[in-house]
Amino acid sequence: MKSPKGKELSKPLLKRLTDYMWGKLHSPIYVEDMASKSNMSTFHFARSFKKTTGHSPHKYLTTMRLEKAVSLMENDDISLADVASESGFSDQAHFTRVFKKRMGTTPAAYRKKLKKSA
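For the structure given in this document, a descriptive report is provided here. (Residues numbered from 1 in each chain as written. Predicted model: local features only at pLDDT ≥ 70, side-chain atom pairs only at ≥ 80, totals over all residues. Heavy atoms only, no water.)

Take the environment of serine 41 next. With respect to the helices and strands, the residue serine 41 is situated in the loop between α2 (31-37) and α3 (42-53). Of the residues examined, serine 41 reaches a relative accessible area of 43% and is grouped as partly exposed. (Helix = DSSP H or I, 4+ residues; strand = E, 2+ residues; numbered from the N terminus. Buried < 20%, exposed > 50% of the residue type's maximum accessible area, 1.4 Å probe, protein only.)

If you want it as structure tokens, here you go:
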């Protein structure tokens with residue numbers, strides 16, 4: 001597979017963008033906003049982001065959201081619905097679908113496994 005054409009994002013710009021993404025993880029984040037912050041068109045930004053990270057902005061963001069969800073699930077006091085919300089998923093069903101597709105198990109089964117290994 002060919003790598004996308006276009007320039008890579010600079011390290012400082014990528015850091016600013018990932019900090020922005022972490023800071024707004026619980027709410028909708030639009031590629032258009034990240035492109036604007038980068039002074040690029042949406043299309044050019046998406047290609048440059050993928051060239052730099054190896055992932056589309058959406059996939060990268062989803063991975064970040066799953067990382068946050070996994071860290072939140074270590075706390076039994078927070079419900080899976082709240083984990084989904086705090087991680088930026090539209091609802092618990094969406095969270096469960098994405099989690100299962102990426103992790104191979106449901107969030108509830110993953111949490112149960114965490115409890116057993118603790």
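Additional details are given in the paragraphs that follow.
All right, on to the nonpolar core then. What tends to happen in soluble globular proteins is that the nonpolar side chains get buried as a cluster. Membership of the largest hydrophobic core comes to 14 residues, with the highest contact counts inside it found for Leu9, Leu17, Met21, Ile29, Met34 and Phe45. At the level of elements, α1 (11-23), α2, α3 and α4 (57-73) are the ones that each hand at least two residues to this core. Among the elements that line this core, the one with the most residues is α1, at 5 residues. Leu66, Ala69, Ala84 and Val98 belong to the second-largest nonpolar core, a separate cluster that totals 12 residues. (Core = buried A, V, L, I, M, F, W, Y, C linked by side-chain atoms within 4.5 Å.)

Okay, α1 next. Between its first and last C-alpha, α1 extends 18 Å over 13 residues, near the 18 Å set by a 1.5 Å rise per residue. Among the residues making up α1, those that are buried are Leu13, Leu14, Leu17, Thr18, Tyr20 and Met21. Around the axis of α1, the buried residues are gathered within 155° of arc, so they sit on the same side. Structural note: α1 exposes Lys11, Pro12 and Arg16 on the side pointing more than 90 degrees away from its buried face. At its buried positions, α1 is contacted by α2, α3 and α4. Where α1 starts, the residue carrying a side-chain oxygen 3.2 Å from the main-chain nitrogen of leucine 13 turns out to be serine 10. (Expected span 1.5 Å × (residues − 1). Arc of directions from axis to C-beta. Contact = heavy atoms within 4.5 Å. Polar contact = N/O pair within 3.5 Å; in protein donor to acceptor, adjacent residues only side chain to side chain.)

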